[in-house]
Each structure stands twice: as C-alpha cells, then as structure tokens.
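One-letter residues, chain by chain:
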Amino acid sequence: MFCLSEKENGGETMVLRDYTPMKAQTGATKSEVYKLAPTVYGKREQGVLCPDTCFGFREKDGRFSSAEGMKKTTAFTLSRAERCYDANGLVAFANGGLYALSGAGFTLKASFSAAPSVCAVTLESGEEGYLFYRGNDWWYKGASEKRLVGVNAKFACFHYERLYVWDGETLRFSAACNPFDWNEDMQGAGWAELPCPYGDVVSMCAFSERVYLVRERGVTVFRAFGDNRNMKAVHVGLPCKQIVGESVVPFADGMLFFSEGNLYRYDGADCSLLLETEFAVQEAAFDGKRYLARGTLGGENVLFVYRQDGTHSFFRIDVTCLSARSFLSEGRWLTLSDEEEEPVERVWSAELIPLSSAKKKRVRRIYLFGKGEVSLRISSAFGTREKTVQLPALVRPSLHGSEFSLRILAHGIVGIDKMEVKFLEN
C-alpha cells in the first residue's frame, strides 16, 4: 500500500508505507535491486552498484550512510605547495619557502633547501610552539618566531618535556623543558647508541610513556626513568615486511602504518593487521578522529580514511599534500567535515546499465529504502529527471535510454538500505 504526500514543485512525491517487494512480472516489465557501494572501489558484482564519484558516504551497520563531507578551508591558494602542516594554523612549503596562512593570505616565514619536518614542542615557560627542522637548520614558530642552528635531526618528537632527535646513527635528547638546550650532563641533554637488527630507522613517534624509533621491520622502544642513568631501550620485531616511514602516525594509544600495501596497528605490545589492500601510501596524518593517507590504488590517486570505529573509505581525489587539518587538491585547500559540523555536500554518482539485453528501456519507477532526505537525479541521452524526497520513497522518472547516470545528494544524515529500479523494455 502507498500513501501520497503533498505535491512538491508541481510534481508528486510518493512515500512508501507498508511496502512489500515487487514480484517479477511477465512481459516486458522487469525490476532490479541494488545495494549501493560506499566507495569507488567496492565489489563490482551483480546487485552491487559502485559509484564513479563518492564523497561523504560509507557503509555502517550494513547500511549505505552519510559520513564525512569535504569543504573548502580558505579562498587563498598556494597551488605549488609540496607539503603542508597543521601548526596552529595552516603552514605550507612551496618553492623553497615556508608560508603561514593568515587573514591576508599566505606569508613567507622562512626558507629551506627542501621541505622540512615539524614537531610540536613545549618551552620551560609553558609556551607551546612548533619546531620546523631539516638537518641542523631549524625554525621555531610560537608566540615568537626565530631561526636556529640545532643538532642534526632526521626525525624528532617531543615527549615528557624533552625533544628526542634521531640523527641517522644516534638518539639524542635535549635538556628537560628546553628543546634548544643540548649541553650534556646527568640532568641535561644526552645521547644513546642503539644498534638494532631490524633495519634503519624510517620514522619516530611517542605514545604510552615511550619513544618509538620505527625501523624497516620493527621498533626500538626507548624509555627514560628520571636522570640520564636510568634509561632503557628494547628492540622488537614486527610481523610485517618493509614499513613505509611516511605512513607511520600515532593513533588512539598506538600507531598505524602501511607495509606492503596493508594497514597495521601497533599498540606497544601487539601488532595486528587491520586491512588487506594494495594501497601505495605516500603520506599520512591523524586529525584526532581519523587516519588520513594519500596515495594510489589501482593506478588512481585516492585519499584513504580509516576511522576509530574500524570503517574505512577511499575517496577518488588527487591530493598533493596533507596535514592533520587540511589537504591540497587541484589548487583548493580542503578539509573533512563531520556530520555534526557545518553541513557539506555529500554526493554519490554511478552509471546504471540494466542487465536486460534490450537496446531500449524506460525507467518507470525507482524505490529508495532508508531514512533521511535525498535529491535523486537520473539522466540518459533522452533527458534528465530530478527529485528531492524523504526516504523511504518512490520516484517515477519515466525516462527512456539504454544507459543511465544516477546521482544521489544527501541532505543531512542519511541511511540507504537498497534501491530497486523498475524498467520497461521497448
């Protein structure tokens, strides 16, 4: 049984009540039922309709549901940026210069021979700032800004009032509360030689009261107890192959990383495989909720998102560089926006080729099962039909064609269980 709602924009919106699935009919009328895949890399099999473009949808609790969307963060651009950072605002490296974004646009702050790395630090005064470094060339950004000549730093992290630096051969640590003091004594700066059978250091991070030197096939766990005489290092092998250093990011009391295209999590005790894929990662970041990574999958540029609830998505978008809060794509600075934040456009689109061998068809009805409000657009060589409906709903396109393009735009939080298309062979 169906109930008809009020007319909208001169047309009728049909709302389903007590709907029972359509039965196959004799003759030329046929129906096909689809589950909507949440990513462009879903399984391309009968009954699963994969999108050509998908922003802001994922599969959750067996439903195709709205998730993060994308929004522009600034009208200013720095299109040739090679790397970007979240340092109390957007900072980007381009053409040998480090630029900070302000209300007036991007301003040159410092010059480097190549893109530097960054580390958040805290000074003895309690001031929090960011240290940009490449070798012994340092620049500090905080309440004040200054250029420094520091110790040679290949990787660095700040942990329990000290700055730890790996120079390629030795782990060095600063005096407490002063990341710029490298005078060595029992209570001050120091160093440690840490030979290890698990390969070269490829990254460095800190969590769970320890500093982790991530190596090609394992980690060196370093812990300090009081003064410099009470420090301990343990080498641990991990059950994976070559670790990609650019993918190592602290994440929810542990760290995530990619090895051989697969995603792993290490919590300081156990290392587990989270996802088997063939993603070639280039760079990663953690935005406080999600692990973000740019790279390629199936030869295409994508943005990978892994959430703390274990769900993930691949967005087909070319990302030049990314930080915890922003990423650059085709000259636009973008960020992910949550359902609870400012509403953003969530679009899913796909090509629909009915299984029928008939050359000409007419889409008579489309049933959408779920909750929420969506705008549905269907197009063919013979025209376009578009309707905004409250789910569950029935749309009557009455559109001829052999192939059809579908576009679903979600308004707010939406969940779609399935879609049923009824068409007539001509």
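Scoring rules and cut-offs
- For every chain, the first residue of the written sequence is number 1, and numbering continues from 1 along that sequence.
- Only residues with pLDDT of 70 or above have their local features reported here, since the model is predicted, and side-chain atom pairs are shown and tallied only from 80 upward, although totals for entire chains, interfaces and linings are computed over all residues.
- The side-chain figures draw on all heavy atoms in the structure; neither hydrogens nor water molecules are used.
- DSSP bridges decide pairing: two strands pair if at least two such bridges lie between them.
- Per the convention used, a helix needs a DSSP run of H or I reaching at least four residues, while a strand needs a run of E reaching at least two, with both numbered from the N terminus.
- Angles shown run from 0 to 180 degrees and are taken between the N-to-C directions of axes, each axis being a line fitted to C-alpha atoms and, for helices, limited to the stretch in contact.
- It only takes one pair of heavy atoms within 4.5 Å for two residues to be counted as in contact.
- Throughout this description, buried means an accessible area under 20% of the type-specific maximum (1.4 Å probe, protein chains only), exposed means over 50%, and partly exposed covers the range between.

### A closer look at the sheet that holds strand β33 (residues 327-329)
Step number 1: On the basis of which strands lie adjacent, the open sheet formed by four strands has the order β8-β34-β33-β32 and antiparallel pairing. Edge positions in the open sheet fall to β8 (69-72) and β32 (321-322), since each of these has one partner strand only.
Step number 2: Here β32 runs beside β33; their pairing, made up of two bridges, is antiparallel. Opposite L322, over in β33, you have F327 as the bridge partner.

### What to know about the sheet that holds strand β11 (residues 97-102)
Step number 1: Strand order in this open sheet of four strands is β9-β10-β11-β12, and the pairing throughout is antiparallel. Whereas interior strands pair on both sides, the edge strands pair on one side only; in this sheet they are β9 (83-86) and β12 (105-111). Adjacent strand axes in the sheet meet at a mean angle of 30°, parallel and antiparallel pairs treated alike.
Step number 2: Sheet topology places strand β10 (residues 90-94) next to β11; four bridges connect them, and they run antiparallel.

### Structural notes on the side chain of S326
Step number 1: Within the secondary structure layout, S326 lies in the loop between β32 and β33.
Step number 2: Those residues in contact with S326, other than ones at most four positions away along the chain, are T73, C84, L90, W333 and L334.

### Description of unusual backbone geometry
Step number 1: Cis geometry is adopted by the peptide bond preceding P392, which originates at L391 and carries an omega value of 0°.
Step number 2: Secondary-structure assignment places P392 in strand β37 (residues 383-395).
Step number 3: Here the phi dihedral of A252 falls at roughly 45°; this positive angle occurs in a residue that is not glycine.
Step number 4: In this fold, A252 is placed in the loop between β24 (249-250) and β25 (255-259).
Step number 5: The exposure class of A252 is partly exposed, given its relative accessible area of 32%.
Step number 6: Positive phi, close to 55°, is recorded for E260, a residue that is not glycine.
Step number 7: Among the structural elements, E260 can be located in the loop between β25 and β26 (262-266).
Step number 8: E260 sits in the exposed class, given a relative accessible area of 51%.

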